[in-house]
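Each chain is listed here by its residues.
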Amino acid sequence: MEEAASQLEREHVHSVYEKIAPFFNDTRYKAWPKVRQFLLDQEPGSIVADVGCGNGKYLHINENIFKLGCDVCRPLVDSAWSQGHEVQLCDGLRLPYRDGCFDAVLSIAVIHHMSTKERRIRAIKEMTRTLRVGGRIMIYVWAMEQKRRKFEKQDIFVPWNPNPPSSLALHGPARGPQRGGRSQNEGEAADSSDKHRKVRSTSSMVDDGDLATSQQKSQRLWFFSRSLDSVLDFGSLSVSRSSSREISTLCTPSDETNGPKVGWRCPRGKGLIRQMSSLFSSSRTSMEEDVFETDLQEQVKNEEIINSTEGNEAVSVGLLQDCTSVPLPDLVSYEMEQSNEMRQKENNGEKQEDDTPKQQESTASLQGCEGENEWSREKLKDSCMRYYHVFREGELTQLIENHVEELHVLHTCLDHANWCVIAEKVQVWRI
Amino acid sequence: MKLLTHNILTSHVKGVTKGYPLLIKATEVRVNEVEFNPQFVSRMIPKLEWSALVQAAEGLGHLQDLPSSLIQDYENNEEFLRKVHRVLLEVEVIEGCLQCPESGREFPISRGVPNMLLNEDDS
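Every chain's residues receive numbers from 1 upward, in the order its sequence appears when written. Here every chain gets a letter starting at A, and every ligand a number starting at 1, in the order they are written. Since the coordinates come from a predicted model, pLDDT governs what is reported: local features require at least 70, and pairs of side-chain atoms require 80 or more to be given and counted, while whole-chain, interface and lining totals use all residues. Just so you know, side-chain values use all the structure's heavy atoms and leave hydrogens and water out.

## Quick look at the overall build of chain B
Test applied: The numbering of helices and of strands both runs from the N terminus, where a helix is a DSSP run of H or I of at least 4 residues and a strand a run of E of at least 2. Exposure is judged per residue with a 1.4 Å probe applied to protein chains only, and the accessible area is read against the type maximum: over 50% gives exposed, under 20% gives buried, and values in between give partly exposed. Only heavy atoms enter the contact rule, under which two residues are in contact if any of them lie within 4.5 Å. For the accessible areas, the method is Shrake-Rupley and the probe is 1.4 Å, while residue cover comes only from the protein chains on display.
The secondary structure content of chain B amounts to four helices and four strands. Shown N-terminal to C-terminal, the secondary structure of chain B runs as helices and strands in the order α-β-α-α-α-β-β-β. Per-residue burial over chain B gives 53% buried out of 123 residues. A separation of at least 24 residues holds for 66% of the contacts in chain B among residues at least 6 apart in sequence. Here chain B displays about 5,900 Å² of accessible surface, and carbon together with sulfur accounts for 43% of that area.

Dropping the structure here:
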């Protein structure tokens, strides 16, 4: 189970971040205000750790405190170092820091990448170990509940899109000075120009980039996954292969190079994920993590597709995958249905409001993308699906209260699409 | 890796109880100029393991005249604070490794970044 969990994370968190790291740096400069404030509130001379620091975007805040960052992703850590920050490569489950050495710890959009409840608890415990008594931890995780919509399931795979080049020109803040100096308020620069774009976003995540303008089509898609925890519950299921490989076995390679002309051939054999990825990466919309559909009526039952509404620009599709070694029979049949319908409608470019929104989507979007080859999409044609466990209201608080006795929750809130919890380390006396 | 960071790092190899402080084996060391903030340094001192800091600085040949034990009333002693500042924040290990004092396991430092990731067998 442990092995399955770490394998899932390796494939759908660690290696994805490694691939997308170069893009990450250019687009993700937003520092969440509450996190910024948390850092600014620390007393001068404090030592603060950012566990899962990514490219270090919080590490420049507050010159009067000593910050160190760590992450499991080498390219991101290297990038943070080149900005002048003290960073290490390490695993959140085994922090290489002595007990009680930090005055504060940040865990921003990190533990939702951990694939089992047990690991999430361990991660929190590890961070608590390094916190001094009286010190505080701030944790941000994706929320299942959003203002206008909700994930159907808690364990999901989210594809990653590079942002379209146009948004970079507007939003890419100037890189900080080379090592030896400190990067200046990148967050602020990005914030002001970001404001008008934030409007439609309800799920812009801490670690994800800017959103496309409302004129651009949005493509939102996520994949359900069975929680590894539930797999364990069932006992008999063996988690021997990764979920992306499951998808692979069900799909055939499609002829991606033909582009829009052939529309979107749906999958037989390997490459569904690949296709999805290239679909997204070539889309003009590339709404990074906006995996929700505003106008959508969410009626996903198992593998049904959600019908798109008139003029609707985006569609959410839930595909059920399972981390078992046996492909789900219903997944196969869903795809057969899909591919049949698509072949029928392949040459028909009309928008239709039936249950092949994917096709109309894909055709439209693929047609729109031809000129945009600035990004090396080749890299991204491989699966870039990130695993997330999104949290229900109260789940994180409960996790802490029930399993981490040294932490006392001070504050909980929903910050945009994240649950934010601040907790303080307390002395526990055992009689 | 600055020595302030080193002061916080410890070996977390499975079964190790005395993983601190890590031994520094440096092949490339750099000294940068960092703005001196006396209040910052002064507040940092009580959080440090002083002997580990001295040992680390000595190992790198950068001890100079840093005292082996903390002096009294250091808060107002600018000269002392400057010495501490230099050792904590200006001396930097760019290449080398950190060795666990108990298990001998080595954690490489490359491009200024210590790699503290453990393999399956030692975590």
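Okay, back to it.
## Quick notes on the sheet that holds strand 2 (residues 66-71) of chain A
Residue and element names in this part refer to chain A. Here is the rule we go by: Note on pairing: DSSP must find at least two bridges between two strands before they are called paired. Axis lines are fitted to C-alpha atoms, over the contacting stretch for helices. Their N-to-C directions set the angle, which ranges from 0 to 180 degrees.
Read from one edge to the other, the open sheet built from seven strands follows the order 3-2-1-4-5-11-10, with strand pairing classed as mixed. Only two strands of the sheet have a single partner each, and these edge strands are strand 3 (86-89) and strand 10 (407-415). Across the sheet, the mean angle separating the axes of adjacent strands is 15° when strand polarity is ignored. The pairing of strand 4 (residues 102-108) with strand 5 (residues 131-142) spans six bridges and is classified as parallel. When the bridges of strand 5 are listed, Val105 appears paired with Ile137. In the packing of helix 2 (residues 33-40) onto the sheet, contacts are made with strand 1 (47-51), strand 4, strand 5, strand 10 and strand 11 (418-425), and the angle to strand 5 comes to roughly 170°.

## Notes on the packing of helix 3 (residues 50-59) of chain B against helix 4 (residues 78-90) of chain B
Each pair of packed helices can be described by the angle between their axes along with the distance between the axes. Residues and elements named next belong to chain B. Put simply, the test is: Should an angle fall under 35 degrees it is called roughly parallel, over 145 degrees roughly antiparallel, and 65 to 115 degrees roughly perpendicular, with every other angle called oblique. A clockwise turn of the near helix away from the far one marks a right-handed crossing, whereas an anticlockwise turn of less than a right angle marks a left-handed crossing. Each residue is assigned to one class: nonpolar for Ala, Val, Leu, Ile, Met, Phe, Trp, Tyr, Cys and Pro, charged for Asp, Glu, Lys and Arg, and polar for all the others, Gly among them.
It is the contact of helix 3 with helix 4, at a shortest axis distance of 11 Å, that shows an interaxial angle of 65°. When the interaxial angle is binned, helix 3 and helix 4 end up roughly perpendicular. The hand of the helix 3/helix 4 crossing is left-handed. Taking contact as the criterion, the partners of Trp50, Leu53 and Ala57 in helix 3 are, on helix 4, Phe80, Val84, Val87 and Leu88. Of the residues assigned to the contact of helix 3 with helix 4, the class counts are seven nonpolar, no polar and no charged.

## Some remarks on the sheet that holds strand 3 (residues 106-110) of chain B
Where strands meet in a sheet, backbone hydrogen bonds hold them as pairs that are either parallel or antiparallel. Residue and element names in this part refer to chain B. If you trace the four strands from one edge of the open sheet to the other, you get 1-2-3-4, paired in antiparallel fashion. This sheet does not close on itself; its edge strands, each paired only once, are strand 1 (23-31) and strand 4 (113-114). As judged from the four bridges shared by strand 2 (residues 91-99) and strand 3, these two strands associate in the antiparallel manner. Bridging from a neighbouring strand, Leu98 pairs with Phe107 of strand 3. In the packing of helix 4 onto the sheet, contacts are made with strand 1 and strand 2, and the angle to strand 2 comes to roughly 60°.

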